[in-house]
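Residue-level structural notes
The primary structure of each chain is shown beneath.
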Amino acid sequence: MKDIRSILIPALTTALTTATGRKVYDSMPIQLFGTAIYPCINIADVFVEEDGSKNSYQYRANILIEVVHKGLQSLTSLYTDMDNVLSIVNNGVPFALASPYKIMDCTLNTTTTTKATTDKVLVDIGIIRLIFRIQ
């Protein structure tokens, strides 16, 4: 089994940075109090399943993306960033992977919003779960 995350996550990080212009963390950052950058995007959870024959593996990567804003009076900018993240789903192959891997398709699993407290500050979070099929 190949760890497809090491190939997929850097390419996804670049695609999300390009699509949104926001800081993208490809793992949960360890930050000192008051040093967090908002708004940001966190690639928070990656679950990979492997399928196929010994010679031709296919991977199904279920990825959780969090769009995090703080101090919002209106959710308009959060929804705009979420739409920009989802714009990569509209492409059949949203970005290229290192050879010999390629994305077969990318689909939206779920999307929602929530609120949380971090560093004693209320943040609004857009939660997007994408599924990539990789060959």
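Coordinates for the structure precede this section.
Structural notes, computed from the coordinates. (Residues numbered from 1 in each chain as written. Predicted model: local features only at pLDDT ≥ 70, side-chain atom pairs only at ≥ 80, totals over all residues. Heavy atoms only, no water.)

1. Re helix H2 (residues 76-86)
Listed in full, the buried residues belonging to H2 are Leu78, Asp81, Met82, Val85 and Leu86. Buried residues of H2, viewed axially, fall in a sector of 140 degrees; they line one side. Turned more than 90 degrees from where H2 packs its buried face, Thr76 and Asp83 sit exposed. For H2, the secondary structure elements touched by its buried residues are helix H1 (5-20), strand E2 (40-52), strand E3 (57-70), strand E4 (103-118) and strand E5 (121-134). (Buried < 20%, exposed > 50% of the residue type's maximum accessible area, 1.4 Å probe, protein only. Helix = DSSP H or I, 4+ residues; strand = E, 2+ residues; numbered from the N terminus. Arc of directions from axis to C-beta. Contact = heavy atoms within 4.5 Å.)

2. Here's the deal with the environment of Thr117
Relative to the helices and strands, Thr117 is located in strand E4. On the basis of relative accessible area, Thr117 is assigned to the exposed category, the value being 61%.

3. Quick word on the sheet that holds E3
Spatially, the five strands line up as an open sheet ordered E1-E2-E3-E5-E4, and their pairing is mixed. Edge positions in the open sheet fall to strand E1 (23-25) and E4, since each of these has one partner strand only. Recorded for the sheet is a direction-independent mean angle of 20 degrees between the axes of neighbouring strands. With 12 bridges joining them, E3 and E5 adopt antiparallel strand pairing. Looking at E5, one finds that Ala61 is bridged to Phe132. Here H1 sits on the sheet and contacts E1, E2, E3 and E5; the angle it forms with E2, its principal contact strand, is near 140 degrees. (Pairing = 2+ DSSP bridges. Axes fitted to C-alpha atoms, helices over the stretch in contact; angles between N-to-C directions.)

4. A word on the nonpolar core
Counting 32 residues, the largest nonpolar core has Ile63, Phe95 and Phe132 as its most contacted members. Contributing elements (two or more residues each) for this core: H1, E2, E3, H2, E4 and E5. Here this core gets six residues from one element, more than from any other, and that element is H1. Look past the residues within four positions of Phe132 in its chain and what remains in contact with it is Leu8, Leu12, Tyr59, Arg60, Ala61, Ile63, Pro94, Phe95, Ile103, Asp105 and Cys106. By size, the runner-up hydrophobic cluster in this structure holds five residues, among which are Tyr25, Val68, Val123 and Ile125. (Core = buried A, V, L, I, M, F, W, Y, C linked by side-chain atoms within 4.5 Å.)

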